[in-house]
Every structure is written in C-alpha cells, then in structure tokens.
2 protein chains.
Amino acid sequence: MRDEFRYWLPFLTKDVPAELTSPVDVARFELAQALPVVAADMKVELQPDGTASEFFTVRSEGDTVTISGGDVGVLYGVYRVLMALYCGEKLPSDQTQQPKYALRMVNCWDNADGDIERGYSGRSLFFDDGMFDYEPERLRMMARMMASVGLNVACINNVNVRNPAHRLIEDWLPELAEVAAIFRPFGVKLMVSIDYSQPMRHGVPTADPLDERVQNWWNEQCKLVYAAVPDLVGFLVKADSEHRPGPFTYGRNHAEGANMLARALKPHGGKLIWRCFVYNCQQDWRDQKTDRPAAAYNHYVYLDGQFEDNVILQVKNGPFDFQVREPLSPMLLAMPKTSLAIEWQLAQEYTGHQIDIYAMMGMWQEVMADLGSDTIMAMAAVSNWGDDACVYGHPFAAVNMFGYGLLCWNPDAADPEAIARTWAKLTYNFSKADEDTLVDILLESRCAYEKYTSPLGLCWMVTPHVHYGASPDGYEYTAWGTYHRASRDAVGIDRTSSGTGYADQYPAALRDRYSNLETCPDELKLWFHRLRYDYVMADGRTLIQRIYDDHFEGYDWVVAAEEKLAVLPFPEADKALIMERMSRQKKNAREWCDIVNSFFYRFSGVEDAKGRPLYI
Amino acid sequence: MRDEFRYWLPFLTKDVPAELTSPVDVARFELAQALPVVAADMKVELQPDGTASEFFTVRSEGDTVTISGGDVGVLYGVYRVLMALYCGEKLPSDQTQQPKYALRMVNCWDNADGDIERGYSGRSLFFDDGMFDYEPERLRMMARMMASVGLNVACINNVNVRNPAHRLIEDWLPELAEVAAIFRPFGVKLMVSIDYSQPMRHGVPTADPLDERVQNWWNEQCKLVYAAVPDLVGFLVKADSEHRPGPFTYGRNHAEGANMLARALKPHGGKLIWRCFVYNCQQDWRDQKTDRPAAAYNHYVYLDGQFEDNVILQVKNGPFDFQVREPLSPMLLAMPKTSLAIEWQLAQEYTGHQIDIYAMMGMWQEVMADLGSDTIMAMAAVSNWGDDACVYGHPFAAVNMFGYGLLCWNPDAADPEAIARTWAKLTYNFSKADEDTLVDILLESRCAYEKYTSPLGLCWMVTPHVHYGASPDGYEYTAWGTYHRASRDAVGIDRTSSGTGYADQYPAALRDRYSNLETCPDELKLWFHRLRYDYVMADGRTLIQRIYDDHFEGYDWVVAAEEKLAVLPFPEADKALIMERMSRQKKNAREWCDIVNSFFYRFSGVEDAKGRPLYI
C-alpha cells in the first residue's frame, strides 16, 4: 500500500512497531528512520519534559537541532522538523509552537457493518459485519498521519448510531480499550458517538434527560466506560436531527438534553460534544416562511450560557449542510458564553465524492475570516478516508486531511497556497514548474467545481440521496427545506429582512454585507436574494449570462486540468487513478454544465450571448 | 387470512386438500362445499371428457345443471357456475365457452431472495433467502384464484434473473417439479424466466446463439428440465434490455437469439416467450432524434416471419413502460407473421403502488379496441400479489387480477362495468346502492389517478427508481429516454412526421388519428405533440388551464371517494386497510396536484383562472 501510493510522509518507510507505547518512543523511532533520508549529516536531539503537553520548541544551530516540549509535543516537533527538512526549508533558530485548539478532531462516520456513511474511499478501518474488525498496522498508519499534522482526536463511529454500534460503550469496551491503546502513542485520543435513547435498550422506559433513571444509567455507564478507556475524550451526539432521538421527544430543550450527559461525563474529565444540526426535515415545500438555514440559530442561541462547562456545541461551517458554497453559520457568532466547535466535512459529499478534485483550503480561509479564530475553541471534520488502496479515494483528497491538521493547529497561519505547496512537495517532490501546475490546479479546484455545479450560492441542485451529479429540481418539491424556487422570471430566496429574515441572524456588519445586493459577494448572491434573470451583475453581465458563463468556464477548466495533469510525472499508481477520476470528473462536469444551463434556459428563454449550445 | 379478507370466492371456506391431484377432483370438491352455500336446492352434474381441454358447456333446466367439457374446462365451468349462482345470475340453458387465447399468463417478478421486483403486496410466495420456500396451502389458494377466472400459466420468477434464480432450471428441478404438481390440479402450468447467458455459468465461454456449444448446452438442459416438469410451458426471456445479456452482445439479431432457445424447447412442446422491451437506456438527454418509444418497432418488425413457430413475442401494451396513459405499442400491429402476446402490468408500478386505487379495465378496453383481439394469440400480466394479509396490498387491487382473467378468456366480452360489478358483488355483496358507489369509484379511479398525476399523456413525472410520487423533472436529464422538454412556452415532444416520426409506425388510421391535433384524444395530446401553454383545447380551455383543472379535479375526486368509502359497510379488516390506503392516496394526490401545477405555473407564469393556489 505505502509502496504504491505516496502520502505526505515519504521519508517514513517502516511501520511503527506495536511495542512502542509512548509518543517519545515513537518520536525517536520516526527520527531514526527518517533523518538519514532527509538530512543525513544533521543531528537532532529530543528533550521531552515528561508531560502530555502538545507544545514544542525547535532550536537549531548549524547541524544541530533540539526539539523540546511535552511528550506529545516532541512527537509533533519531530514530524514538523522532518517535513521541513524534506522540503528544504530553513529551520527556525528558536521557535515554540502550540496548537490553537486543544481538540483537533476527526469524525469518522463508520457504521458497525463496515459501511461508511458518505464515505468515498472504501470501507471502514474499524468495523466490519457488525463488530470491531481492524488491522492494527493500518490504524497506526492513520494515527501517524494524524499526529504528523497535529490532529489529536478520532471519533471512530458514525453520528447516526445504528444497531449494534451502541455496543461500543457497552459490551465492546475491551475492544475499545485496545483501539485506544493503538492510537495513544501517537497522541490521538478516542471519542465515540452515542445514541441518545441508549438507556431504553436496557430497561429504562424513557430517555428523558430529567428522569433520574436515565441520569443514573448514564452515570453508571460512564464509570464503566472510563474504567476501560480513562483518556476517552467523551461522547459525540446527534440528537433530534433527521429522525434521531433526542430531548425534544420529552419536551426538553437541548441544554437540558446535553447537560445531563455532560454531568455524567464530568467526573471522568469527559467532554460532551453536541452536534447542532437540528431542522425540520418534514417541511412543506409550499411553506415560504420556514427557512431551514435559520433553524439552528433559533434552536440554540437562546440557550447561550445554560450549558455545562464540559459541553461543546459542534456546528457545521454553514447553516445548510456542507454545500459547495455557504455563508458562515450565524449561530457561531451568537453564543459568546458557550464552548463552540466548527465542523467541516472532508468527505466530499456535496463536493465531488473524491472523484472530482476539490481542495478545501480556500473555503476554510474565507469562513475563518468571518468567524475569527477565537470565537471557537475546537475544530472537527468528517473524515475522508477509508480502506481504499490510496486511503482517500483520490490521491489529491489527501491534501484536505493534511491541510485540515494545519488549520486546526493554527488557523491564522493556514495559508491555502502554503498548504497546497507543502503537501505537493511532500507527496510528489516535483520540479518547481510541475509543482506550480499541481498547486494551481488544487487552489483553483474548489471554484471550478462551484462554477460547473450549483450557481452563485443556490445549493442543493444535486441528485437526491446520492449527492453526486446534477438534478436541478431534485430537492425542490421535497420536505428537506432546500428550495431554489426557480421560475420563468427569477430564482432564489430572499433571505434578508424583506424575505425570510435569515440574514438578520448575523451581526450588523455581516448582515449588511449580505443584505445589500451591492456588497453581497457574487458567489452568495442567490443564497441571500431572489434575482431576476436580467439582473445586471457588477461586471455588466446579466445573471443568466453569468450562470451560463460560469458553467461553461467550469467545464473548460476541467478539460484544461486533465491536459495539464496528463503530462505531470506522477508515480504510475497515482497517475492511473488520477486520470481515471479525471475522466469521470469531466463527464460529471459536462452533465452539470449542460443540465444547469439548459434548466435555466428553459425557464428564461434567453440564448447564450456566445452562442454555446443550450438544450430543450 | 381467508377469514379476515374476502376474495371473489366467498363461498369457498375449505382449502383444497393436497390429496386431490386432478382438475375433476378439485371441481367436485369445490362444488360439494359451495353448492349448499350458493344454491342449496340445485343439482349440478359434472361430465368431464377425460381430456385436458379448457372448453366447457353449461346446460341448465329447472334445478338441474350439467357442466360438461374437458377436465380443466369442467373445473372452470364449476367456478363460473358458482359465481353466477352467488351473484343471482340466471344460468344459460345451453352455452359453450372456450378461452380466446390458449396462454393466459401471470408473470411473477419474484426474486430468489424473496423480494418481488415492483411488488407492492409483500414478499414472494415462492422464494425466500435464495431458495424455494413456500406454503403449499398458499400456492393452492393462488392457483384456485387463477383457475376461477381461467388463468392457466404462472411464470414464477422475475424476468430479471438474478443469481441464484438461474438454478431453477438447473439443480432446483426437483423443487420446481413439486411446485408444478401443486398447480397442476388447477389447470395452471408453470413457466420460468431464464438468463440468456446461463451457459456461461457452466464452462461455455460464450452465449452466442449461433455457437454450437451454446445450442448444445440448451438442448441438453431442456431435456433435463422437461424430464422433471413435462408440461412446463416454456421459458420467458428478457434479453438485451436494461443491461440484461442477450444476442446483441454477439452481433446477432433477436430472431437468431430467440430461435436458438425455441429449437431447444420444441422437441418437448415448449414455448419461448421473448420479451420485446429493448431500448437504449443510455440515451443522451440532449439527443432530440432518438425516441425511446420507437425502439421496439425498429428492433423487431423487420424480423417478422423469421421466428420459429414456438416463439411468442411478448410486448408491453404501450411503447414506453406501463405508464398511466400510453397509446398501443405499434409493433403489435406490424408483425402479422409472428405470434404475439400483449403484456399488462397488474402490479401498480406507475399507477399508485396498490396504495392509490387504480382499476385497469378501462385501459384494457381502450387498448383492445385499437388492437383487435385476433392480432395477438396470448396475454401476459405482471402479477400484483404477494404474501400480504390481503394478498393484493389494497383489497380493491384484487379486481385487476379478477378482471384480467376474464379479459384473457374473452377480451371482446370484458366489459369494465360488468367486471367491476361482478367482483364487487362476489367480494362484498353490498346493497345495490352501495355496490353502485363502489363500482363507480373503481371505474373512475383510473382517470382520476391520471388527472392528478402526469398530464395528458406526458408520462414519467415520477420519483426516479421508486415510481411513486411526483417528480416532474425526475427523469428529465437522465439517460432513460423519458423527456417532456417543458420550457417557458411549451411542453411535450412532437412525435409526428414533422418531429421524431414515431407516429408513422402506426397503420394509417391510427397514425392520422394521433398525428392530427384535432383528432388526437386529449389524453394523448402531449404524448404526440409539443404544445404551447396557450394552445386552445376543443372545449375552449387553454392547455395550461386544462392541466390545472385536471389536477385539482383529480385531487377533489380522491377527497370525495374517501368520504364515500368511509360510509360503505366493508368488513372490518378491509375497512381499516382501505381507509389507511385512502389517506395515503389523498396525501399523494395533494402532492402530485400541487407539484405538477406549480411546476407548470413556474414555467408559464399563468395564474389559475379559478384562483386556486399555485406555488413558487
């Protein structure tokens, strides 16, 4: 596997042995095998301080480097120094780094049957056929990848907890402890998703969080869980969402629901990560007042200050659901007295299924610019890996996991180009010109995908359920709250105060930026406004012409990218996979382009100004 | 089961015992138990002639009735006489009946795993978990229902033969023989669907029909099959359709493909039923020239006269695929030198999933009027039964199986109202007024469903794959060849000689009727023509207003039907199921109505003349 596909740690060829049980041991092992490769005449000394701290200090002078810090910090420092040396970077003479956020989480949506929900790179690395089933070497490889970019929490099962995954915190505790032990030497701690109604599987007739029997069940269960895995980070919960059970069933609010679990976890130092993905998935499409993106804010903001201090609300970056372009979720800016985590989705559910190239760094940068790195205290991301030969489905999808680690470590320094370039150098070690080509493709990929898919923030024009491929009306007459309301004259939903009022959930500056047609970014114009097809954009083009142009340009980009990639000197295995995926991306882009353009042509009756084909 | 739901044989309360192995024995058994119920003082004498003939003669004089005929004919005669007596009909003094068609077939789309493809009434009566698994009593009940209306062939497995169903004619022959023995006393013979590439599972490197090894494999296999089931009717084959293997793979035409199998069957008296459901299911939606309904004609008509005499081409009633309204398939009128069977679909795939009421007799009558009963020599229908408590999903869906039997027996006498009335009388035995209410609902149900669903012959506005519920664009930008091409001005496809030319496949009278806008029936106007929304229909309404009206009227019909059914004196179990289904039909109709109307409102911009709500 490692021989065939290259990751961003090309200087590591030997697996970490199972016998190594501390981060410092692992750090010494990695250093011993890699240093001769990356800098044979250099001397690196490790000075761990015996704590579990994650900071590290790198001091270099001539050929001598010292890495000091906490035990985990020293491991992080080793990976960073090795990567820097491999990339030919100059080491700092004296620099201390520590992560911006204490929790830098990867959420695996793995089901106990081995399937991965929204997974596009094979099957689960943890489960198969209704039980734990894993290769320890493979898990160590994942843990190493995580540690190399500073990721420190793995939630190993799907937030939609389906039978028998609830057993993870019941009779599967010995196995859970074994997995925790595999990850521990890499500084990676486990988290598990739990089912809110879990007590009801054990004779408790309710899951009401205010019911003493429920509280007792969780208190006792947490004792058992922490006896088995003392450093478990805690529980991740998706409650009252898309038919999941939750406190609403019992007339309780989400503070009451979350706090009950948080109190059970608190004696053990555990956290309760509460996902805020609540909306009405039974909406009447005729209803023009209910606006799904407004739901989370309405459900949570009034509870600010009411959560236990070990509760963290985990909020998707946008108010919909990982669409190709969304504004920041407004509830992230409205709960100053609550611990918040942002949730990204590395799995490319709506962004090309790891068939189409889609590097996410630009999205992170834009969202973080609006959010501010101090507004949140943790990050989470839905993982994009699986048991595929190349781990990430598409070799390039690895850049999203790589970059995500660096983003969590320090979002203020997570420059998209630097991330792409470092990853490219580590993975392929091309000439500067070839690297430039690859980096440009990665950096452009997100906006290219956006151009040939759902235009200008419209979202949801995807094949229902599958979420790959164009279906402009696929979610239009459904109960999912996902409408574009295209008609012969106009398209989009007015979400300003004159419409659904969603924009008023933002602080004034953002509210004004989005509400004002002149200042609202083009990419979000149809997210916030209903516009006529003859609306004139800032550059003088009509909306309909802009839609046509974007789609044709998006497709053209794919054609050009294919040509460029075809001549880059990828290793053989990568090349075959990249070009195979590229041909599928091209087919997908052609369909998206023609379907969306024809969809709007049929409504508007407007021909393309450049005479390109549109179809009735 | 029989105690709870009533079928059309209410006078039969005892199961036919397994010991009875001849039709005459069964006839005597049924007569003995039913005659005291339906006419205690009547005397009925049976005079079987010892042959397997299906004709029967009923002579009655006073209280004495004689039923003579072939052994199977006498059984048919007994059921007919019992039904007539139960309904209070006068018996004929001397009347001989024989079926119009020798093969009156029910096609079960049952998979070996027990699932029924497009089945809406539970699971398979024949298979479960990859093997034969049935209750003999239940099969006898099905066979009795078939015999009571003269149906005489059951094809027991899905035309899409999925592993391990190919084993039916391989190592499952002993079980196949057992099932045949269960059906035989009812005059019902078996047929099986086979996989065209079946020899390739047994070391033959090809399935080319001109390859001697393939021919030999089938010749030998037929010997084994007929040794086990000597009266097997033959094989049913779906080849080269929707990714099924077939002769096209080897550059052979369908006469070559079918004749090879026919020759293997011929020494044993077997028939080869060849389904003519071939079209390009990989069409480019941009392609305006290819017209899926034209495909079957193009693939088959030139082969007229080239098929072996034991080949029967089985052709769906319409050229698409069991849509709510289709014209007659033109190939049925274009192959005078070929044996043809028409195929109906009792399973309500596109017509309400046996949730919505949809009695099919009107459709049969219209299609047969265009076809002529002598043009074909057999009938087949996809079954609508399963292991549901009420067998047919909806108690009313039984009328379609009941009526289908009478249709096959004599299509020229299959009056929709007579069928509905007889079925209603046998099933519920209501007062005349209540029976009238029920019969009206049945007779109106088809056009009501049509009104609130896909308008005026447009077809295919259904949820993809599922085929229940509205999705106007669901199949629009796909490869299935199913397009309406709605735009802001017009909708539909011109299928006349000025368009795709499909209409020219009909004989002159039908071609002219459909091609001429004035003579084309309203219900098929959008099947054959592309019309502007402001096109004025014969009654002065515009096309768009007609669409709106139809949809609102269709929904209103459902509301009214619910009220009428609520006060009819159904048995308790029927009532509960009928009203539960009715509430789902109402919800479905509301969605269809509002979605289709809003879809066209968004395109046309035209308000409803009566001010009813339309939604953007």
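Before reading on, note that the structure itself is shown above.
An account of the accompanying structure is given in this report.

Right, let's get into the interface of chain B and chain A. Counting residues at the interface gives 24 residues for chain B, matched by 24 residues for chain A. Along the contact surface separating chain B from chain A lie six salt bridges. Between A:Arg286 and B:Glu591 there is a salt bridge, and its shortest N-O distance comes to 2.7 Å. For the pair chain B and chain A, the interface holds 17 residue pairs in polar contact (both at pLDDT 80 or more).

The next subject is the sheet that holds strand 4 (residues 94–97) of chain B. All names here are of chain B. Strand order in the open sheet formed by four strands is 1-3-2-4, with mixed pairing between adjacent strands. For this open sheet the edge positions go to strand 1 (43–48) and strand 4, each flanked by a neighbour on one side alone. The average angle at which neighbouring strand axes cross in this sheet is 15°, direction not considered.

Ranked by internal contacts, the top residues of the largest apolar core, which has 462 residues, are A:Trp8 and B:Trp8. Here A:Trp8 is in contact with A:Met83, A:Met145, A:Ser148, A:Val149, A:Tyr392, A:Ala398, A:Met401, A:Phe402, A:Trp423, A:Leu426 and A:Thr427, once residues within four sequence places are set aside.

What follows is about helix 10 (residues 416–428) of chain B. Working note: α-helix, 3.6 residues per turn, so residues spaced by three or four point in the same direction. All names here are of chain B. Between the first and last C-alpha of helix 10 there are 18 Å, a value that for 13 residues agrees with the 18 Å anticipated at 1.5 Å per step. For helix 10, every residue scored as buried is listed here: Pro416, Ile419, Ala420, Arg421, Trp423, Ala424, Leu426, Thr427 and Tyr428. Where helix 10 is buried, its residues touch helix 2 (71–86), helix 8 (361–371), helix 9 (398–409), helix 11 (432–452) and helix 15 (572–604). Just beyond helix 10, the residue with positive phi is Asn429, at close to 50°.

Once that is clear, we can look at the packing of helix 1 (residues 23–38) of chain B against helix 2 of chain B. Residue and element names in this part refer to chain B. Put simply, helix 1 and helix 2 touch, their axes get as near as 9 Å, and they point 10° apart. Considering their axes alone, helix 1 and helix 2 lie roughly parallel with respect to each other. Here helix 1 contributes Pro23, Val24, Val26, Ala27, Glu30, Leu31, Ala34, Leu35 and Val38 to the contact with helix 2, which in turn contributes Asp71, Val72, Val74, Leu75, Val78, Tyr79, Leu82, Leu85 and Tyr86. In terms of residue class, the contact of helix 1 with helix 2 is made up of 16 nonpolar, no polar and two charged.

Residues and elements named next belong to chain A. Ordered in space as 1-3-2-4, the four strands form an open sheet in which the pairing is mixed. The open sheet terminates on both sides in strands that have one partner only, identified here as strand 1 (43–48) and strand 4 (94–97). Each strand of the sheet is rotated relative to its neighbour by a mean of 15°, with strand direction disregarded.

Residues and elements named next belong to chain A. Following the criterion strictly, the structure yields 79 aromatic pairs over all chains and no others. When the centroid spacing of 5.3 Å and the interplanar angle of 65° are considered together, the rings of Tyr506 and Tyr514 count as edge-to-face. Each member of the pair, Tyr506 together with Tyr514, is buried. Clustering of aromatic rings is evident, with ring pairs tying together Phe320, Tyr350, Trp460, Tyr475, Tyr502, Tyr506, Tyr514, Trp527 and Phe528. The residue whose ring lies beneath Arg80 is Trp409, and the NZ or CZ to ring-centre distance is 4.9 Å.

Cut-offs used in this document
- Residues numbered from 1 in each chain as written.
- Chains lettered and ligands numbered in written order.
- Predicted model: local features only at pLDDT ≥ 70, side-chain atom pairs only at ≥ 80, totals over all residues.
- Heavy atoms only, no water.
- Contact = heavy atoms within 4.5 Å.
- Salt bridge = Lys/Arg side-chain N within 4 Å of Asp/Glu carboxyl O.
- Polar contact = N/O pair within 3.5 Å; in protein donor to acceptor, adjacent residues only side chain to side chain.
- Pairing = 2+ DSSP bridges.
- Helix = DSSP H or I, 4+ residues; strand = E, 2+ residues; numbered from the N terminus.
- Axes fitted to C-alpha atoms, helices over the stretch in contact; angles between N-to-C directions.
- Core = buried A, V, L, I, M, F, W, Y, C linked by side-chain atoms within 4.5 Å.
- Buried < 20%, exposed > 50% of the residue type's maximum accessible area, 1.4 Å probe, protein only.
- Expected span 1.5 Å × (residues − 1).
- Parallel < 35°, antiparallel > 145°, perpendicular 65-115°, else oblique.
- Nonpolar A, V, L, I, M, F, W, Y, C, P; charged D, E, K, R; others polar.
- Phe/Tyr/Trp six-rings, centres within 6.5 Å; stacked < 30°, edge-to-face > 60°.
- Lys NZ or Arg CZ within 6 Å of the ring centre and 35° of its normal.

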